[in-house]
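Overview (structure and organization)
Listed here are the chains, written in short residue letters.
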Amino acid sequence: MAILKILRYPDPRLHKVAKPVTVFDERLPRLVADMAETMYKAPGIGLAATQVDVHERVIVIDTSETNDQLQVFINPEILWASADKAVYEEGCLSVPGIYDGVERPTQVRVRAQDVHGAFFEIDCDGLLAVCIQHEMDHLMGKVFVEYLSPLKRNRIKQKLLKEERGLEREASARAAARR
């Protein structure tokens, strides 16, 4: 297993639409294991393949407090969403340190495949419903900050770009000190 690099907003690769998984071979369980390890280390409760620059319809989620209930969704699709909606405070591993309210359906029914290609359906509510919708947005090239006002989104973008420049300067200084 390996820790994968998580793309940070506003990286344009986060806006690529993921393609369906069509080959269920030994590569897929390795990708899922690497994604799970990356998600747990971050730490987070969900990760879409898009976030690690793999543009396939793969999601890992674990909303348990004990990090021992990994759920894998390959080629997920929402079959039904409740008319009832609620605002949930969301964060994202690709938008570190930023949290804001997003309105979503409170319940969804999802159809997906497991790592072997077998289809399953699951009814989701609460945190799992929010998480699956959030991660499925990633597969469509959408980041949660796009639900926010243009002003908020621009402030977040500028803040993260500034942080990225600071991290790059620190890495350059460390590299120069080693020479």
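Conventions adopted
Residues numbered from 1 in each chain as written. Predicted model: local features only at pLDDT ≥ 70, side-chain atom pairs only at ≥ 80, totals over all residues. Heavy atoms only, no water. Helix = DSSP H or I, 4+ residues; strand = E, 2+ residues; numbered from the N terminus. Rg over C-alpha atoms; globule rule 2.2 N^0.38 Å. Areas by Shrake-Rupley, 256 points an atom, 1.4 Å probe, with all protein chains shown as cover. Buried < 20%, exposed > 50% of the residue type's maximum accessible area, 1.4 Å probe, protein only. Contact = heavy atoms within 4.5 Å. Polar contact = N/O pair within 3.5 Å; in protein donor to acceptor, adjacent residues only side chain to side chain. 1 Å grid on protein atoms, 1.4 Å probe; cavity = no way out; pocket = protein on both sides within 12 Å on 5 of 7 lines; lining within 4 Å. Points joined across faces, edges and corners; volume = space filled by probe spheres on them. Nonpolar A, V, L, I, M, F, W, Y, C, P; charged D, E, K, R; others polar. Expected span 1.5 Å × (residues − 1). Pairing = 2+ DSSP bridges. Axes fitted to C-alpha atoms, helices over the stretch in contact; angles between N-to-C directions.

As a further point, take the overall build of the chain. What the chain contains, in helices and strands, is 3 helices and 7 strands. The order of α-helices and β-strands along the chain, N terminus first, is α-β-β-β-β-β-β-β-α-α. Over its C-alpha atoms the chain spans a radius of gyration of 17 Å, differing by no more than 12% from the 16 Å that the globule rule assigns to 179 residues. For the chain, the accessible area works out to roughly 9,800 Å², and carbon and sulfur atoms hold 52% of it.

Tracing the backbone shows Val130 in helix α2 (residues 126-139). Overall, Val130 belongs to the buried group, its relative accessible area being 6%. With 28 residues separating them along the chain, Val130 and Val102 place their C-alpha atoms 9.2 Å apart. Those residues in contact with Val130 that lie beyond four places of it in its chain are Tyr88, Glu90 and Arg104.

Take His55: it is sitting in the loop between β1 (46-48) and β2 (58-61). Of the polar contacts made by the side chain of His55, one reaches the side chain of Asp53; its length is 2.8 Å. Non-local contacts of His55, meaning those with residues more than four positions away in its chain, are made with Arg13, Lys16, Ala18, Lys19 and Thr50.

By volume, the largest pocket amounts to about 610 Å³. Listed by contribution, the elements that provide at least two residues to the lining of the largest pocket are α1 (27-41), β4 (85-92), β5 (95-105), α2 and α3 (150-178). Counted by class, the lining of the largest pocket contains 15 nonpolar, 7 polar and 8 charged residues.

Turning our attention to α3. Taking 1.5 Å per residue, 29 residues should reach 42 Å; α3 reaches 42 Å between its end C-alpha atoms and fits that length. Buried within α3 are the following residues: Ile156, Leu160 and Gly166.

Take the sheet that holds strand β3 (residues 71-81) next. Read across the open sheet, the 5 strands follow the order β1-β2-β3-β6-β7; overall the sheet is antiparallel. The strands lining the two open edges of the sheet, one partner per strand, are β1 and β7 (119-125). With direction set aside, neighbouring strand axes in the sheet form an average angle of 40 degrees. One ladder, built from 5 bridges, connects β3 with strand β6 (residues 107-113); its direction is antiparallel. Bridge pairing links Ala81 to Val108 in β6. Relative to β2, α1 is tilted by about 45 degrees, and along the sheet it contacts β1, β2 and β3. Along the sheet face, α2 touches β1, β2, β3, β6 and β7 and points at about 150 degrees away from the line of β2.

Let us now look at unusual backbone geometry. Excluding glycine, residues mostly have negative phi values, and the peptide bonds linking residues are mostly trans. Across the junction of Tyr9 and Pro10, the peptide omega takes the value 15 degrees, indicating a cis bond. As for its position among the elements, Pro10 is in the segment before α1. Following Ala42, the chain continues to Pro43 via a peptide bond in cis, the omega torsion being -15 degrees. Along the chain, Pro43 turns up in the loop between α1 and β1. Located in the positive-phi region is Asn75, a residue other than glycine, with phi close to 55 degrees. Here Asn75 is to be found in strand β3.

Coordinates in, geometry out; function isn't part of it.
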